[in-house]
Amino acid sequence: MKTNRFKVLGALLLVGALASACAAPPAAAPAQPTAPAAEPTAPAAEQPFIVGMVIVGPMNDKGWNEAHVLGAQYVMEKMPNVKFEFVDKVNPADRPNVKGSQVADELIAKGAKVVIFNSDDFKDDALETAKKHPNVVVIHASGDYAWKEGKNYKNQPNLGNLMTKMEPGWMIAGCAAALGSENGKIGTVGPLINEETRRYASSAYLGAKYCWENYKKRDPKELQFKITWIGFWFNIPGVTLDPTKVADDFYNGGFDVVMSAIDTPEVAVQGKKAAEAGKAVKYHHYNYKGGCELAPDICLGVHYYNWGPGYLKIIQEAMAGTYKGTWTWAEADWSNLNNRDTSSFGYIKGNALGAENEKLLDQFIKGLGDGSIDLWKGPLNFQDGTVFLKEGERATDQQIWYLPQLLEGMEGPSQ
Amino acid sequence: MTTPARIAGLPPAFYRVGAFVISLIFIALIVLISGASPVTVIGSMVGGAFGNADQIGRVIATLSPLLLCAAGLVYTFNAGLYNLGVEGQITFGAIAATWLLRVVYPEGATASLLPPPLAIALAIVVGGIGGVLWGLLAGALHVYGRISEIFAGLGLNFAATGIAIYLIFGPWKRPGVASLSGTQPFDESLWLGTFGNTEATPVALGLGLLALAFTIIVMRNTYFGLRLRAVGRNLRAAYVLGVPARRQLLSAFFICGLFAGVAGALQVVGMFHRLIPNISSNLGFLGLLVVMLVNFDPLWILPVAFFFSALNIGSLQLPLSFGLESSLAGVIQGLLVLFALIGHGLAQKYGRKPGE
């Protein structure tokens, strides 16, 4: 009996360890809500307008998720009577047995009049929530169900989409990477493969190719642009590839510039280590405004999301009762990319770019802004060699949004 | 070691209740350290599990597969087996059910090739078969390969998850998209019907209760149950006395795999409506805790499983209302289990025996 009891205890410990390991991967940082959480007993002098936000990863990830939280804070700053309720790490690895739609139900039960889902992975949950709660405005950031001219339109009046038109941001990033590279070997640590990530990676490639040829006056054949997809927006041990290892592989494999396309900062962290070990490497960050602070000396730049203005407009309309489910592909303010009141994305140049390259990058940004540089224009081929755009043909929004393959010249899987 | 006289010889219930009270004090301390009020947190978690129809529905939706897994594990535990592979058996059941549904409703089709109720029923049956295959594989490794069932099971868990991820990112990926969010959701005609607008499905609940009732009867009233316990208590003696030990062990894996596979199929047709990488939602591990906590006696599974389902659902309130890490619920769960075991052990060792 004694041995049996020990076996029970041993097994319990093992099961407990496994269950907790599955429930909370070590990579996930604890949630630190930046807004005061709801106090059910708080006196309600003035009823706040509650907006719920369902966040796929940790809200303090210095990446995609934190950018949404910053957007929410911007709205609360401009509209003091609006209060956000956040639930982060809503994904099957961090919260097994919890669906995004369930979290939305909870938020609505707490009085949310608008619910924002912040990841492409929530498309089914957003639709389910919108159908179940027709009086609640449901916003799916990055989706396309509300796009009448899109492939996946669903006639659900209370469901809307907001997405930043980040493609030019990726072109700027690609250009900075090419300007910063000496040997033309640019690696990208990518998340999962979908239409969004394909068009982003392709935009980066177009920007890199343009600047490599036109500003650096180098042979396009010398440019190697490789992407490795880890399988999700951030590391899930045992499920995705480890972005730390992928970044290391690039740095150790002779790639002198590595771009991050994931939500978390492994590319910067490993780049810093490689540079400290004497390697001449640089990185380009993504998503989070403070991305260059992680390793300032080797940072080429960062393009970051500015969700504030887009969310502000939607919430103002929702409060007024005038919001109609629309698909918004929010443009940048080319007169000042870093204007937090007007631009959907911003760009911050890093120290590693250098004064000369800064001027070239400014020239490139100006060209994108005034339309004199238009890179979604033929001739362009897909990765498999088939024609994407004929000579002089310009890609439509649909062709860009639903890009079916990477472009010719890029390394890495399209599907 | 001498028995401390002051705590010996009391009624067994004293130790169990005492341990429960101490666990509550520990939990309150941990919640206080996390910066919240224990009373408010517990009140909010109870409210989060039973506050409205949606939440009650979710508790029931979690309870149903949990009952199936716990009932299945009663067989393996009573046969002396620690079937940690139950997670893999759920996952493989879910994979098998998804396969069946993809066959009867191919991509691009506009309707199911079979009447939807038949397709769902078949998916559940095929899910059960999938679970049986995975369970028997662990059983064969244990019985014929002399591999510890714990390691065989854990290894097969990784294999099942690996297959699920491969399918989701590979042959079964959504058109143009490979994502951890899973395969393309099935057409709504292939979803199990629910109680009203909630997520609880009568079929899943019925199957869970049926499996539990069946298990109670088998374990208490049948020769099979008796032989299973005999094998569990002393494999060699049972063999010498003429109990076909191998067959008994494999039967336990068979039944546990069947129930876990059905649970996996229900996760697909009743809960997620698609295959996701973590389709088991750790309910197998939760089932192991439940069964160990009730000392392998199926009679107590229902209330304990219900309690853990409520804890599982109510814990969403931790991040929602208090900004607390919801894995704190795992700590609460672990403390309850640990102290319940301590109470159980003390009751057995020091408790007043009948007639004393």
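Draft legend 1. Representation of the overall build of chain B within the structure. Scanning chain B for helices and strands turns up 14 helices and 0 strands. Going from the N terminus to the C terminus, chain B shows its helices and strands as α-α-α-α-α-α-α-α-α-α-α-α-α-α. Across its three principal axes, chain B shows a C-alpha extent of roughly 75 × 60 × 30 Å. The buried share among the 356 residues of chain B stands at 54%. Taking all contacts inside chain B whose residues are at least 6 apart in sequence as the whole, residues at least 24 apart take part in 80%.

Draft legend 2. Representation of the overall build of chain A. Looking only at helices and strands, one finds 11 helices and 15 strands in chain A. Across the 415 residues in chain A, those meeting the buried criterion constitute 53%. For chain A, contacts bridging at least 24 residues in sequence account for 67% of all contacts bridging at least 6.

Draft legend 3. A look at the domain arrangement of chain A. All names here are of chain A. Per the domain assignment, the segments making up chain A are domain 1 (46-164 + 308-330) and domain 2 (167-304 + 344-411). If you average the C-alpha positions of domain 1 and of domain 2, the two centres end up 28 Å apart. On the side of domain 2, 18 residues touch domain 1, which itself brings 20 residues to the contact. Secondary structure elements with two or more residues in the side of domain 1 that touches domain 2: α2 (64-78) and α9 (308-320). The class makeup of the residues in the side of domain 1 that touches domain 2 is 6 nonpolar, 7 polar and 7 charged.

Draft legend 4. Layout of the sheet that holds strand β5 (residues 159-164) of chain A. Residue and element names in this part refer to chain A. In spatial order, the strands read β2-β1-β3-β4-β5-β11; together these 6 strands make up an open sheet with parallel pairing. At either end of the open sheet lies a strand with only one pairing partner, and these are β2 (82-87) and β11 (327-330). Neighbour-to-neighbour, the strand axes of this sheet turn through a mean angle of 20 degrees, independent of strand direction. Note: strand β4 (residues 137-141) against β5, 4 bridges, orientation parallel. Following the sheet pairing, H140 is matched in β5 by N161. Running over the sheet, helix α4 (residues 123-132) touches β3 (112-117), β4 and β5 and is turned about 170 degrees from β4.

Draft legend 5. Representation of the sheet that holds strand β7 (residues 224-229) of chain A in the model. Residue and element names in this part refer to chain A. Read across the sheet, 7 strands follow the order β12-β10-β9-β8-β6-β7-β15 without closing on themselves; strand pairing throughout is mixed. Whereas interior strands pair on both sides, the edge strands pair on one side only; in this sheet they are β12 (345-349) and β15 (410-411). Taken together, the 4 bridges between strand β6 (residues 185-190) and strand β8 (residues 257-260) define a ladder with parallel strand orientation. In the sheet register, T188 faces β8, and the bridge partner there is M259. Lying over the sheet, helix α7 (residues 243-252) contacts β6, β7 and β8, oriented at roughly 175 degrees with respect to β6.

Draft legend 6. Quick look at the environment of L180(B). Topologically, L180(B) is positioned in the loop between α6 (149-169) and α7 (202-221). Considering only alpha carbons, one finds L180(B) and I165(B), 15 residues apart in sequence, at a separation of 7.9 Å. Residues within four places of L180(B) in sequence aside, it is in contact with P92(A), D121(A), L192(A), F232(A) and P277(B).

Draft legend 7. Spatial organisation of unusual backbone geometry. Residues and elements named next belong to chain A. Here the bond from G378 into P379 is cis, since omega is 5 degrees, no more than 30 degrees from zero. Positive phi, normally seen in glycine, also occurs at K217, with a value near 55 degrees. Here K217 shows up in the loop between α6 (195-214) and β7. Overall, K217 belongs to the exposed group, with 7 C-beta atoms counted inside 10 Å.

Draft legend 8. Structural detail: the pairing of β3(A). Residues and elements named next belong to chain A. Within β3, 5 of the 6 residues are buried, leaving the element largely enclosed by the surrounding structure. Judged from the 5 bridges that link them, strand β1 (residues 49-54) and β3 form a sheet pairing that is parallel. Across the sheet, the residue bridging to I50 is A112, located in β3. Judged from the 4 bridges that link them, β3 and β4 form a sheet pairing that is parallel. Considered in β4, the bridge of F117 is made with H140.

Draft legend 9. A look at the packing of helix α2 (residues 38-50) of chain B against helix α3 (residues 53-78) of chain B. Residue and element names in this part refer to chain B. α3 packs onto α2 with a crossing angle of 85 degrees between their chain directions and a minimal axis gap of 5 Å. When the interaxial angle is binned, α2 and α3 end up roughly perpendicular. The residues of α3 that touch α2, namely those facing G48, A49 and F50, are Q55, I56 and V59. In the contact of α2 with α3, the residues fall into 4 nonpolar, 2 polar and no charged.

Draft legend 10. Here's a closer look at α7(B). Residues and elements named next belong to chain B. Relative to the 28 Å expected for 20 residues at 1.5 Å per residue, α7 spans 28 Å between its end C-alpha atoms, a close match to the ideal helical length. All buried positions along α7 are accounted for by A204, L207, G208, A211, L212, T215, V218 and M219. Taken end-on, α7 shows its buried residues confined to a sector of 135 degrees, consistent with a single buried face. For α7, exposure combined with an orientation more than 90 degrees from the buried face picks out G206, I217, R220 and N221. Residues of α7 that are buried make contact with α3, α8 (223-233), α10 (245-272) and α12 (301-314).

Each value, and the rule that gives it
Residues numbered from 1 in each chain as written. Chains lettered and ligands numbered in written order. Predicted model: local features only at pLDDT ≥ 70, side-chain atom pairs only at ≥ 80, totals over all residues. Helix = DSSP H or I, 4+ residues; strand = E, 2+ residues; numbered from the N terminus. Buried ≥ 20, exposed ≤ 12 C-beta atoms within 10 Å, placed from the backbone. Contact = placed C-beta atoms within 7 Å. Domains from an automatic or database assignment. Nonpolar A, V, L, I, M, F, W, Y, C, P; charged D, E, K, R; others polar. Pairing = 2+ DSSP bridges. Axes fitted to C-alpha atoms, helices over the stretch in contact; angles between N-to-C directions. Parallel < 35°, antiparallel > 145°, perpendicular 65-115°, else oblique. Expected span 1.5 Å × (residues − 1). Arc of directions from axis to C-beta.

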